[in-house]
Each structure stands twice: as structure tokens, then as C-alpha cells.
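Listed here are the chains, written in short residue letters.
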Amino acid sequence: MADLTIRNLKKSFEDIDIIKGIDLDIKDHEFVVFVGPSGCGKSTLLRLIAGLEEVTSGSIHLDDRDITDVAPAKRDLAMVFQTYALYPHMTVRKNMSFALELAGVDKAEIDRKVDEAAQILELGHLLDRKPKALSGGQRQRVAIGRSIVRHPKIFLFDEPLSNLDAALRVQMRLELARLHHELKATMIYVTHDQVEAMTLADKVVVLNGGHIEQVGSPLELYHHPVNAFVAGFIGTPKMAFLKGKVKKADRAGVTVQLDCGPEYQLPLDGSRLKAGEPVTFGMRPEHIEVTAADASPFKVTLDVTEHLGADTFCYVKAQNGETLTVRAGGDYGGRFGEQVGLIPDLAHCHLFDEKGRAVPKPGAPAQAA
Amino acid sequence: MSISTVQDGVPAVPAPGPETVKADKRLHSRVGLLTVSPSVLALLVWMIVPLAMTIYFSLIRYNLLYPGENEFVGLENYYFFLTDEGFVHGALNTLWLVGATLLISVVAGVLIAVLVDTPFWGRGIVRVLLISPFFIMPTVSALVWKNLLLHPVSGVFAAVWNFFGATPVDWFAEYPLQAIILIVSWQWVPFAVLLLMTAMQSLDQEQKEAARLDGAGPIAIFWHITLPHLTRPIAVVVMIETIFLLSIFAEIFTTTGGGPGYETTNLAYLIYSQALLQFDVGMASAGGLVAVVIANIAAFILIRMIGKNLTEKA
Ligand SMILES: Nc1ncnc2c1ncn2[C@@H]1O[C@H](COP(=O)(O)OP(=O)(O)O)[C@@H](O)[C@H]1O
Ligand SMILES: [Mg+2]
């Protein structure tokens, strides 16, 4: 069992509030990813859970045990650091067995556990090397091995892949997913890379400025972001945001007049909106279709187009100067400066009120921001 | 000049096979030799001339009190130097002085460096104060120790002893070598602190945190993380200090003058007293060469023991 419960957790450094009240439940076997922009407090939150920072207020419970003030080593957690933090003068084997030796586990048991971890991570032939004789990916695996041997209740990872090159990062990502499955472990993983978050997580926690913006499965966040921040953070390329005003709003739908021209009727529950209220209209690049200029009221000018093979990303400029990104087919042949029309898929578009909160779909439970 | 030769030479070389690569390397090493030769030559002259003169002096009778009697005496000077009553004392005292000071400066240096690594109020000033003894002239610090601190009548230590009702100790009479070791350590601990303190700053904090998560307490972290991290700078401290401590002179000269008896005479001081107190240049030269041999043996042992530590890449 490994259920982590965090209640009203706060942390300040010298009177500056960094973590501003976090409530979070993490269930056994879950792969939870903390994601957010740099400096939002992801590492700090992880270090609070690990016990490397002292909590200012609030509580952390692991199962039914209050671990808020328990020493890091006694929390049944293991952490993999961004820089791996391997002990440079110890062999791989010694690196992995260090914790067990300190805990006074007997020699045969240590060897068994280290060999088992080495086998899982395919480190068998490297056990007698020092860390400096290893490649980045191998060091990463040793760092993971060091946490595996302790059989912790929860694994903590702080941006473990950010020091690897792109190809290795994809490979290690798959390996981590496999490892999570194999060990049936509970994992908390910090990253600023939303692709890692989307691909690995059972549950994504979007952090911003020291508080949680939204918690949910990757697809929930993608389809039902509760506010403009989450909508903009999840998905690449970014969701486009266009300014507009509410023309008419009721329980069954909202009509918005965009500043750049077109008027759209959205199937959203507009009972909280008033006519004339300024709103932000959001649509993802993949939910927009490009057509001829006269086939749509939404006319834009093509700026740069990027051909990626399977897709083409078109950066376009609306008549009032607002810019947005559109995804077109791989063989799209639009030219720089060309006038085109856009047709958004209204079922997948989002609307955010003045405070950035999402206007809910009809029938959806209202979510607090 | 030589660099341009290389650059001119390179395009002329055909497609680089293993042979041409070898030739290229040979050319490079020859050019390298050529460029360093002036400085090597200057160094050789710088070393060889005095060495040759010393060897020559050590083989003749050369006493300033008996000018003109400079006949060749073979190894007689060496024989007299090595069998002189002072030599055994000098060698043992040198060993003691170097060994004890090294031990003190490494142990104290590590402890102080680790202590001042944790942040506290006024750490910057404390660090500067800790290092400052190193910048005081040896003669000055020896005089301060002799007259202000260890003096049996007017010294600070005597005052402390008196305060507790004890009889003040006449350090230079009762514990002369220990007193010298104390003074020399006071000068060289700061050097160790300086080196080890900077080394502490390059210790990865995440390593310590990883160790904490692995269940290591402060002592285990010190043994398993900090100390291994410091082996290299400790090796540097030992090597550099050994070289300087072998030739400690000013501290002895200003305090005990090698006495009482031979109790604080080290090899450097013995040579000085041969040459300038007994005016025997021949024997002093022989002593100097013996000291050079000893220093080389020490250097050889040190490099065998810890040199590997330094050349190994991080
Ligand atoms: N030990 C510390 N002392 C003071 N400020 C800190 C400390 N650790 C982190 N911070 C601050 O907390 C904020 C969040 O840091 P961090 O959790 O590392 O962000 P990230 O989400 O990029 O991992 C940053 O503004 C950082 O400057
Ligand atoms: Mg971070």
C-alpha cells in the first residue's frame, strides 16, 4: 500500500511563499506527474514529500502514518535526482548497496537485491565500474537502481530525463513506463515537459505559482482544462487564444463575437456569463481546418509554415493582428502571405471568462478553479 | 615560427593513412621539443650550475677559517656529516616536524573546512580570519609566538596558567620541538583550510541529499561522501606542505636557535649551523646534498602514494 495524502501544504523560504497550500491525494500504483513552468515549485513540492525541506505548515501522510516531520530516510521513499547524484568514488554495485549497508542488511540479502535490480535495469555488466565510466543513460539507470534496491513505497523523480539527449530521452521514457508496470510501484515524477507528462502519467498535476491549477488524467486535461493556464500549457503547439465578447449566453449555448471578425455559437453552458462580457476563445491547432479565403468568415494571412512530414504547422495572423497556429495535412501547399479561411471545430473549442476560468460544457459538473 | 611550420606542413601531407598520422605525430613532438627547449635549457643551467658547484664543494676541504687549504678529500665531508652527532637528531627532528605538522594540518584542516561549510552568521569574516595566519611572515609569527604567547613570564599562556594557579610552562625549554610544531602548524593549517574549503564548495549538494535519503547521518555522510571527495585536495596539501616543511628554518632560527642541544635542529638548520657557525662550507655542501637526496626520496614516495590520485581524471 502506498497512498499519499497531502493536506494544505505550505512552504516559504525567508518569508517568500513558494508552495501556497497544496491538497493532493495519490493512490497506490499511480504514476503521478507534476508539471508546470520553471520555478513554479515542482521540485520544492517533491523535496517536501521526500523530507529534504522542512514543511512550513500542513501535513503529509503516507497510508495512515504522519510523515510530515519524519527523517527522509525513514519515510520509505526513494528519489532520483536530476543530476543523478551518484557517489563518484563508489562502484555501481556500491552505489546501489549503500543504503542497504547503512541499514545493516546482511551481505547475502544485499547481493541478491542488487543483482535483482541490476537485472531489471540491464546493468549486470557495469556493476564494477565507477560512475564516471558510464554514459548518461547508464548513470540514469544506476540512479534508478539505487532507489529500486530499497523497495520504497513511492519513487520520486525530479526531471530525471532533462540531462539526456532527445533520442535517449524517448528510450528512457519508455523504460520508465515499463518499470512502473513491472514494479507495480507508486511514482511521482516532476517535469516541465508536458510531452513527458502526457505520455507517462496516470494522473497529471498542473502546478503554477505554488498552487495546483488542475489534477486529472492526461486526456481530461486535454479535453476539459479548467482554466486558460492549463489549456495553454497542455498540448503542442499551444492552444490559440483569441479575444472576444459575449453576444448572447444561456444554459444551452454561448454566442461570441471575436475581435478579429467572426461570430461563433458554442455548445457551452453560458449560464454564468452576461452579454457584453469580455471572454477568451481558445482552440487547438488540431481542431482548426484551413480552407479557401471565401469559404469562411474567419480570414487570416499565412505567415510561416513548417512541414514536419506528417503534419504542417501554419502560423497565421488574424486581421486584428492576433496570431495563432493551425495544423494542416502533411502536403499542405499554402504560401507565405496567402489569404486563407479557418473553420474551427466548435465542439472542441473552449471559452474562458474574464478570470480565465473555463466555461463548462452543458451537463458537466462545475469545477472550481 | 614553429607553429607556422606545422601549419605549412599539414596541407602537404597526402590522405592521412596510419603512416602519415605517425609521421605527423613525430613532427609535432619534434616541434614541441624545439619550442620548449629554451626554457628547459635555462632551467637546466639554473639547476646544474649550483648543483655542480655544491657537489664540487662537498668533495674538497673548504673551511672559511683555513683559506687556501682546498685539497680534494673524497667523501670525507659526507662521512663527517652523516656521523656527526647532529645528523641523527636533525633527521629525526625533520621527520617529526614534517609528520606532526602534516597530521595536524590535515586533520584540523578537514574539520575546520567542514565546519565553515555550513552557513552561519559572519561566515565570510571567519573564513578570512582562518586563512590569515598563512600570510604572516614566518619570522614575525615566530616572534609573536615566542614573546607574546609562549613567553614564560609575559606570555598569554603564562597568564592563563597563572590565572588557574598553575606554574607557567617555559615552552621552549621544556617542550621545544612541540612548541616549534605548534608554531609551524599555526601557519600551515590555514593553507590546508584554504584548499579544503574551496574543495568543499565543489561538493555536489544533491549527493549529500541522496545520502540522507539513503539513511546516512552526518557522520556517515562525512566518512562516505565528504572525505572521499576531499582525498585529492588532501593529497595536494600533503605534497605541497611536505616540500615546504622539509626546509623550515626561520621559525627555529628566531625561537630556539636549534636548541636546547640538538632538540630543535632539523636538517636545514644543521646545514646552516655547519656552514655559517662552523664556517665549514665543504661539510655544509655535503649536508645540502644529503638533504636533496632525502627530499627526493620523500617526493618519490609521495608521488607513488598519492600522485596517482592527482593524475587520475575526475
Ligand atoms: N532553498 C531555497 N531557498 C530560497 N528559495 C528557494 C529555495 N529552493 C527553491 N527556491 C525558490 O522556489 C521557487 C521554486 O523552485 P523550484 O521548486 O525549484 O521550481 P521548479 O518548479 O522549477 O522545480 C523558485 O523561485 C526558487 O527560487
Ligand atoms: Mg526543478
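What counts and how
Residues numbered from 1 in each chain as written. Chains lettered and ligands numbered in written order. Predicted model: local features only at pLDDT ≥ 70, side-chain atom pairs only at ≥ 80, totals over all residues. Heavy atoms only, no water. Domains from an automatic or database assignment. Contact = heavy atoms within 4.5 Å. Buried area = accessible area lost by both parts, 1.4 Å probe. Polar contact = N/O pair within 3.5 Å; in protein donor to acceptor, adjacent residues only side chain to side chain. Nonpolar A, V, L, I, M, F, W, Y, C, P; charged D, E, K, R; others polar. Near = heavy atom within 4 Å. Areas by Shrake-Rupley, 256 points an atom, 1.4 Å probe, with all protein chains shown as cover. Helix = DSSP H or I, 4+ residues; strand = E, 2+ residues; numbered from the N terminus. Pairing = 2+ DSSP bridges. Axes fitted to C-alpha atoms, helices over the stretch in contact; angles between N-to-C directions. Phe/Tyr/Trp six-rings, centres within 6.5 Å; stacked < 30°, edge-to-face > 60°. Buried < 20%, exposed > 50% of the residue type's maximum accessible area, 1.4 Å probe, protein only. Lys NZ or Arg CZ within 6 Å of the ring centre and 35° of its normal. 1 Å grid on protein atoms, 1.4 Å probe; cavity = no way out; pocket = protein on both sides within 12 Å on 5 of 7 lines; lining within 4 Å. Points joined across faces, edges and corners; volume = space filled by probe spheres on them. Salt bridge = Lys/Arg side-chain N within 4 Å of Asp/Glu carboxyl O. Core = buried A, V, L, I, M, F, W, Y, C linked by side-chain atoms within 4.5 Å. Parallel < 35°, antiparallel > 145°, perpendicular 65-115°, else oblique. Left-handed = near helix turned anticlockwise from the far one by under 90°. Disulfide = S-S within 2.5 Å.

Visitor: When you look at the domain arrangement of chain B in this model, what are you seeing that I'm missing?
Guide: Interface size is often expressed as the accessible area that is lost when the parts come together. All names here are of chain B. Splitting chain B by domain gives domain 1 (3-58) and domain 2 (76-313). For domain 1 versus domain 2, the separation of C-alpha centres amounts to 39 Å. If you look at the interface, domain 1 gives 5 residues, while domain 2 gives 7 residues. Here domain 1 and domain 2 share an interface that buries about 450 Å² over both sides, 69% of which is from carbon and sulfur atoms. Together, Thr 54, Phe 57 and Ser 58 form the three largest contributors to the area buried by domain 1 at its contact with domain 2, with a combined 82%. Run the count over domain 1 and domain 2 and you get 1 residue pair in polar contact (both at pLDDT 80 or more). Considering only residue class, the side of domain 1 that touches domain 2 consists of 3 nonpolar, 2 polar and no charged.

Visitor: What exactly am I supposed to notice about the site of ligand 1 here?
Guide: Residues and elements named next belong to chain A. Surveying the vicinity of ligand 1 reveals the residues Phe 13, Ile 18, Ser 38, Gly 39, Cys 40, Gly 41, Lys 42, Ser 43 and Thr 44. At 3.3 Å from an oxygen atom of ligand 1 is found a main-chain nitrogen or oxygen belonging to Cys 40. At a separation of 2.5 Å, an oxygen atom of ligand 1 approaches a polar side-chain atom of Thr 44. When ligand 1 sits alone it has 570 Å² of accessible area, and the protein chains cover 58% of it. The element contributing the most residues to the shell around ligand 1 is helix α1 (residues 42-50), with 3 residues. Residues belonging to the shell around ligand 1 are distributed by class as follows: 3 nonpolar, 5 polar and 1 charged.

Visitor: Quick question: what am I supposed to make of the sheet that holds strand β14 (residues 278-283) of chain A here?
Guide: The strands that make up a sheet pair up through hydrogen bonds in the backbone, lying either parallel or antiparallel. Residues and elements named next belong to chain A. Read from one edge of the open sheet, 5 strands run β13-β12-β11-β14-β20, paired in antiparallel fashion. Two strands close off the open sheet at either side, each with one partner strand: β13 (263-266) and β20 (350-352). Recorded for the sheet is a direction-independent mean angle of 40° between the axes of neighbouring strands. Pairing geometry for strand β11 (residues 240-250) and strand β12 (residues 253-258), over 6 bridges, is antiparallel. By the bridge assignment, Val 246 is partnered in β12 with Val 256.

Visitor: Hey, could you run me through the packing of aromatic side chains in this one?
Guide: When we look at a pair of aromatic rings, we describe it by the centre distance and by the angle of the planes. Enumeration over the complete set of coordinates arrives at 27 aromatic pairs over all chains. On the numbers, 5.6 Å between centres and 20° between planes, the contact of Phe249(B) with Phe253(B) is stacked. We classify Phe253(B) as partly exposed; its relative accessible area is 42%. Three or more aromatic residues joined by ring pairs form one cluster here, namely Trp145(B), Phe157(B), Trp161(B), Trp171(B), Tyr175(B) and Trp186(B). In this arrangement the basic side chain of Arg146(A) is found over the ring face of Tyr87(A), its NZ or CZ atom lying 4.6 Å from the centre. Positioned above the aromatic ring of Tyr222(A), the side-chain terminus of Arg284(A) is 4.3 Å from the ring centre.

Visitor: Can you walk me through empty space enclosed by the protein in this structure?
Guide: Applying the stated criterion across every chain, the model contains 2 cavities of 30 Å³ or more. Volume-wise, the largest cavity comes out at about 50 Å³. Ala78(A), Met79(A), Phe81(A), Arg146(A), Ser147(A), Arg150(A), Ala210(B), Leu213(B) and Asp214(B) are the residues that line the largest cavity. Classifying every residue of the lining of the largest cavity gives 5 nonpolar, 1 polar and 3 charged. Quantified by volume, the second largest cavity comes out at close to 30 Å³. For the lining of the second largest cavity, a count of residues per class yields 4 nonpolar, no polar and 3 charged.

Visitor: Sorry if this is basic, but what is going on with the pairing of strand β4 (residues 57-62) of chain A here?
Guide: Moving residue by residue along a regular strand, the side chains alternate between the two faces of the sheet. Residue and element names in this part refer to chain A. Examined bridge by bridge, strand β1 (residues 4-13) and β4 share 5 bridges and lie antiparallel to one another. Among the inter-strand pairings, Lys 10 is bridged to a residue of β4, identified as Ser 57. Pairing of β4 with strand β5 (residues 65-66) involves 2 bridges; the strand directions are antiparallel. From the neighbouring strand, His 61 faces β5, where its bridge partner is Asp 66.

Visitor: Whenever I open this one, the domain arrangement of chain A confuses me. Can you help?
Guide: Residues and elements named next belong to chain A. Taken as a whole, chain A is organised into domain 1 (4-228) and domain 2 (232-352). Distance between the C-alpha centres of domain 1 and domain 2: 38 Å. Each partner contributes to the interface: domain 1 provides 13 residues, whereas domain 2 provides 12 residues. Of the roughly 1100 Å² buried where domain 1 meets domain 2, counting both sides, 67% is carbon and sulfur surface. Area buried by domain 1 at its contact with domain 2 is led by Gln 194, Tyr 222 and Ala 228, which between them contribute 56% of it. For the pair domain 1 and domain 2, the number of links is 0 salt bridges. Inspection of the domain 1/domain 2 interface yields 4 residue pairs in polar contact (both at pLDDT 80 or more). Put simply, the parts of the chain that give the side of domain 1 that touches domain 2 at least two residues each are α6 (194-200) and α7 (218-223).

Visitor: I'm lost on the nonpolar core in this one. Help?
Guide: Soluble globular proteins: nonpolar side chains tend toward being buried together. Residues Leu4(A), Phe34(A), Leu156(A) and Ile188(A) are the most contacted members of the largest nonpolar core, which totals 73 residues. Ranked by the residues each element gives to this core, the list is headed by helix α11 (residues 218-245) of chain B, at 12 residues. Aside from chain neighbours lying at most four places away, what touches Leu156(A) is Leu46(A), Ile49(A), Ala50(A), Leu77(A), Ala78(A), Met79(A), Val80(A) and Ile188(A). Tyr84(A), Ala143(A), Ala197(A) and Tyr222(A) belong to the second largest nonpolar core, which has 44 residues in total.

Visitor: Would you mind going over the packing of helix α4 (residues 85-115) of chain B against helix α9 (residues 176-201) of chain B with me for this structure?
Guide: Any two packed helices are characterised by the angle at which their axes cross and by the distance between the axes. All names here are of chain B. One can describe the packing of α4 onto α9 by two numbers: an axis separation of 7 Å at closest approach and a directional angle of 40°. One way to sum up the angle between α4 and α9 is to call them oblique. The hand of the α4/α9 crossing is right-handed. When grouped by side-chain class, the residues that make up the contact of α4 with α9 number 21 nonpolar, 5 polar and no charged.

Visitor: Where do I start with the side chain of Lys113(A) in this structure?
Guide: Tracing the backbone through its elements, the reader meets Lys113(A) in helix α3 (residues 107-120). Apart from the residues lying within four places of it in its own chain, the contact partners of Lys113(A) are Leu100(A), Val149(A) and His151(A).

Visitor: What should I look at first to understand the state of the cysteines in this one?
Guide: Linking two cysteines covalently via their sulfur atoms produces the bond known as a disulfide. Applying the stated rule across the entire model yields 0 disulfides over all chains. Residue Cys314(A) stays outside any disulfide, its sulfur separated by 17 Å from that of Cys260(A), the closest cysteine.

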